[in-house]
Amino acid sequence: ARILFTGLVILIGCLLASAIHIFQVRSIFIENAEENLLGHMQVALEVINHEVEAQKEATLACADILYYNQDEDIHSLLKRCGQKYNGYTFYFVSSEDVTYYSNGLVIQGDVFESLSGIHGYEYKDDFICITQAGERVKGDAVSYWIGITPVELKKYGETGYLLSRRVSSEVFENECFDYLMELGTCCITDRDGYVVTADSNYVREMGLDENFYDALFKS
């Protein structure tokens, strides 16, 4: 009986030691996984900031092209900007809210009113980069980064705005997102949680108008 009791005590002690060890290993694993995830997210954030900064530099450079070549045709200048910065589409909005495109198209419309209605921004003197949902292409919704900067073109009013546009979801093609996308989907939201940029998997499942926080509660 003593031998059995002693053996039972030893067995219970071993089980407790094993349980404590497993718990410690689990805690270390979770901690390492969280650190790894946060590290990848930090790199991804730096990539996003770099892409926005690159769009700012491209937009400001093309604003200089328009400013210092005001005798040339606006459509030709916009086309030159698009050729110089592949992946971007440039268009100019005059102070009278007339939009000029590189393909020669001229449209009278409420460009700024429609954008500010979505994002609540007022356009002042600084460069700003916002997101805009686009049309569906081959069944998938797309979103754009819109870079906006003021530029003076006397021929088209005192001050107009040069806008640059690029497909924002292309940022997820960077290899730094591979690990994150293996875990799930990637998206960028505004401060209220509405998805403005997302990878194709998220867009197919949720769409761009879905509130991320609401989607979490639903799941």
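Residues numbered from 1 in each chain as written. Predicted model: local features only at pLDDT ≥ 70, side-chain atom pairs only at ≥ 80, totals over all residues. Heavy atoms only, no water.

Novice: Just to check I follow, could you spell out the overall build of the chain for this structure?
Specialist: Across its full length, the chain holds six helices and eight strands. Each helix and strand of the chain, placed in order from N terminus to C terminus, yields the pattern α-α-β-β-β-α-β-β-β-α-β-β-α-α. Of all 219 residues assigned to the chain, the portion counted as buried reaches 32%. Counting contacts in the chain only where the partners sit at least 6 residues apart, residues at least 24 apart contribute 47% of the total. (Helix = DSSP H or I, 4+ residues; strand = E, 2+ residues; numbered from the N terminus. Buried < 20%, exposed > 50% of the residue type's maximum accessible area, 1.4 Å probe, protein only. Contact = heavy atoms within 4.5 Å.)

Novice: I'm lost on unusual backbone geometry in this one. Help?
Specialist: The general pattern is negative phi for most residues beyond glycine and trans for most peptide bonds. One non-glycine residue, D97, lies in positive phi territory at about 65 degrees. In this fold, D97 is placed in the loop between β1 (89–93) and β2 (98–101).

Novice: Any chance you could explain the nonpolar core here in plain terms?
Specialist: Of all hydrophobic cores here, the largest spans 18 residues; its most connected members are L66, I74, L78, F92 and L162. At the level of secondary structure, the elements contributing two or more residues to this core comprise α1 (2–68), α2 (74–84), β1 and β2. Those residues in contact with I74 that lie beyond four places of it in its chain are L66, F92, Y100, L153 and Y156. One finds A44, V47, I48 and F177 within the second-largest nonpolar core, a separate group that totals 10 residues. (Core = buried A, V, L, I, M, F, W, Y, C linked by side-chain atoms within 4.5 Å.)

Novice: Which parts of the structure should I look at to understand α2?
Specialist: Think of an α-helix as turning once every 3.6 residues; residues three or four places apart then point the same way. Within α2, burial applies to I74, H75, L77, L78 and C81. For α2, the angular spread of buried residues about the axis comes to 165 degrees, placing them on one side. Of the residues in α2, the exposed ones pointing more than 90 degrees away from the buried face are Q83 and K84. One side-chain oxygen at the N-terminal end of α2 lies 3.1 Å from the backbone nitrogen of H75; it belongs to D73. (Arc of directions from axis to C-beta. Polar contact = N/O pair within 3.5 Å; in protein donor to acceptor, adjacent residues only side chain to side chain.)

Novice: Would you explain the state of the cysteines in this entry?
Specialist: By definition, a disulfide links two cysteine residues through a covalent bond between their sulfur atoms. Applying the stated criterion to the full structure yields zero disulfides. Between C62, a cysteine without a disulfide, and C81, which holds the nearest cysteine sulfur, the sulfur-to-sulfur distance is 3.2 Å. (Disulfide = S-S within 2.5 Å.)

Novice: Is there a simple way to think about a nonpolar patch on the surface in this case?
Specialist: A cluster of nonpolar side chains, contributed by L8, L11, I12, L15 and L16, occupies part of the molecular surface with about 480 Å² of accessible area. The topology assignment puts L16 in helix α1. Residue class for L16 comes out exposed when judged on its relative accessible area of 52%. (Patch = residues over 30% accessible without salt bridge, like charges linked within 9 Å, V, L, I, M, F, W, Y side chains within 5 Å. Areas by Shrake-Rupley, 256 points an atom, 1.4 Å probe, with all protein chains shown as cover. Salt bridge = Lys/Arg side-chain N within 4 Å of Asp/Glu carboxyl O.)

Novice: I'm lost on the pairing of β1 in this one. Help?
Specialist: Consecutive residues of a regular strand have side chains that alternate between opposite faces of the sheet. Of all five residues making up β1, four are buried, and the element is well covered by its neighbours. Note that β1 and strand β6 (residues 160–167) share five bridges and pair antiparallel. Within β6, the residue paired with F90 across the bridge is S164. Bridging between β1 and β2 involves three bridges; their strand directions are antiparallel. Of the residues in β2, the one forming a bridge with Y91 is Y101. (Pairing = 2+ DSSP bridges.)

Novice: I'm lost on the packing of aromatic side chains in this one. Help?
Specialist: Aromatic ring pairs are reported here in terms of the distance separating the ring centres and the angle at which the planes meet. Under the criterion given, the structure shown has eight aromatic pairs. Geometrically, the ring pair formed by Y67 and Y68 is edge-to-face, given 5.0 Å between the ring centres and 90 degrees between the ring planes. With 5.8 Å between their ring centres and 65 degrees between their planes, F92 and Y156 make a pair best called edge-to-face. Here F92 is found in strand β1, whereas its partner Y156 is found in the loop between β5 (140–151) and β6, with 64 residues between them in sequence. Comparing F92 with Y156, the two get one shared label, buried. (Phe/Tyr/Trp six-rings, centres within 6.5 Å; stacked < 30°, edge-to-face > 60°.)

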